[in-house]
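As a plain string of letters, each chain reads:
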Amino acid sequence: MIGRLNHVAIAVGDIAKASAVYRDTLGAEVSAPVAQTEHGVTTVFITLPNTKIELLEPLGADSPIAKFLERNADGGIHHVCYEVDDILAARDKLIADGARVLGGGEPKIGAHGKPVLFLHPKDFCGTLVELEQA
Ligand SMILES: CC[C@H](C(=O)O)C(=O)SCCNC(=O)CCNC(=O)[C@H](O)C(C)(C)COP(=O)(O)OP(=O)(O)OC[C@H]1O[C@@H](n2cnc3c(N)ncnc32)[C@H](O)[C@@H]1OP(=O)(O)O
Ligand SMILES: [Co+2]
């Protein structure tokens, strides 16, 4: 079912500072920040030869990453995103297998304009998993 690793997400308290670390210290190609109001985060994408790093900063009062940052004040790896050929078929199989699909199971449009879903970390080795329609 899962295919390419689309991105690894890092939650940060200050996305401008984190962008500067990746751009200036690590010499990476860093996008401008984009407010993703629907998702309660601001995103930056760092393009690598074989995948992407997504920086996430809380946006708005009830950002889904706020508690994560309370637990990890310096920031930290927040989720991994795998591509799937058919996100609805993947969702239905995961639910049939007893996995918890977050957000009521309906895909939202993610940062790349594609449908995305999130799977509960407790069901996937303590790791928040995002699926993105390839
Ligand atoms: C623009 C879209 C963009 C894209 O790529 O397209 C994005 O990636 S948007 C990213 C931000 N959105 C989301 O993360 C949505 C899905 N996430 C959630 O719904 C929440 O973060 C949730 C439910 C996974 C956790 O929420 P919260 O931390 O408020 O809940 P709890 O404190 O009750 O946590 C429950 C339990 O899970 C552990 N946990 C929480 N977050 C993570 C994590 N990122 N990785 C691993 N484990 C996590 C937390 O420690 C709790 O464990 P416990 O043992 O019970 O303490
Ligand atoms: Co993501």
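The structure displayed is predicted, hence computed values, not measured ones.

### A few points about the UniProt feature "domain: VOC" (unreviewed entry) in the chain
Logical step 1: Feature annotation in UniProt places "domain: VOC" (unreviewed entry) on residues 4-134, given in this structure's numbering.
Logical step 2: For residues 4-134, the end-to-end C-alpha separation is 9 Å, with 21% helix and 37% strand making up the annotated structure.

### Re the site of ligand 1
Logical step 1: As a matter of local geometry, ligand 1 sits amid 21 residues, with Glu54, Arg71, His78, Ala111 and Lys122 nearest to it.
Logical step 2: At 3.2 Å from an oxygen atom of ligand 1 is found a main-chain nitrogen or oxygen belonging to proline 64.
Logical step 3: In this structure, lysine 122 approaches ligand 1 through a side-chain N or O atom, which is 2.6 Å from an oxygen atom.
Logical step 4: In isolation ligand 1 offers 1,100 Å² of accessible surface; the protein chains occlude 73% of this area.
Logical step 5: Looking at the shell around ligand 1, the elements that each hand over two or more residues are β5 (52-58), α2 (66-71), β6 (76-84) and β9 (128-133).
Logical step 6: With 3 residues, the single largest contributor to the shell around ligand 1 is α2.
Logical step 7: Residues belonging to the shell around ligand 1 are distributed by class as follows: 9 nonpolar, 7 polar and 5 charged.

### A few points about the coordination of the cobalt ion (ligand 2)
Logical step 1: Taken together, His7 (NE2), Glu54 (OE), His79 (NE2) and Glu130 (OE) make up the protein donors of the cobalt ion (ligand 2), found 2.1 to 2.3 Å from the metal.
Logical step 2: Given 6 donor atoms and angles of 78 to 169 degrees at the metal, the environment of the cobalt ion (ligand 2) is assigned as octahedral.
Logical step 3: Between consecutive donor residues of the cobalt ion (ligand 2), the sequence gaps follow H-x46-E-x24-H-x50-E. Residue histidine 7 is located in strand β1 (residues 2-11), and its partner glutamate 54 is located in strand β5; the two are separated by 47 residues in the primary sequence. In this structure, histidine 7 and glutamate 54 share a single accessibility class: buried.

Cut-off values and rules
Residues numbered from 1 in each chain as written. Chains lettered and ligands numbered in written order. Predicted model: local features only at pLDDT ≥ 70, side-chain atom pairs only at ≥ 80, totals over all residues. Heavy atoms only, no water. UniProt positions renumbered as here; feature names shortened; annotations may be inferred. Helix = DSSP H or I, 4+ residues; strand = E, 2+ residues; numbered from the N terminus. Near = heavy atom within 4 Å. Polar contact = N/O pair within 3.5 Å; in protein donor to acceptor, adjacent residues only side chain to side chain. Areas by Shrake-Rupley, 256 points an atom, 1.4 Å probe, with all protein chains shown as cover. Nonpolar A, V, L, I, M, F, W, Y, C, P; charged D, E, K, R; others polar. Donors = N, O, S within 2.8 Å, 3.2 Å for Na, K, Ca; no water. Tetrahedral: all angles 85-135°; square planar, octahedral: opposite > 155°, others 65-115°. Buried < 20%, exposed > 50% of the residue type's maximum accessible area, 1.4 Å probe, protein only.

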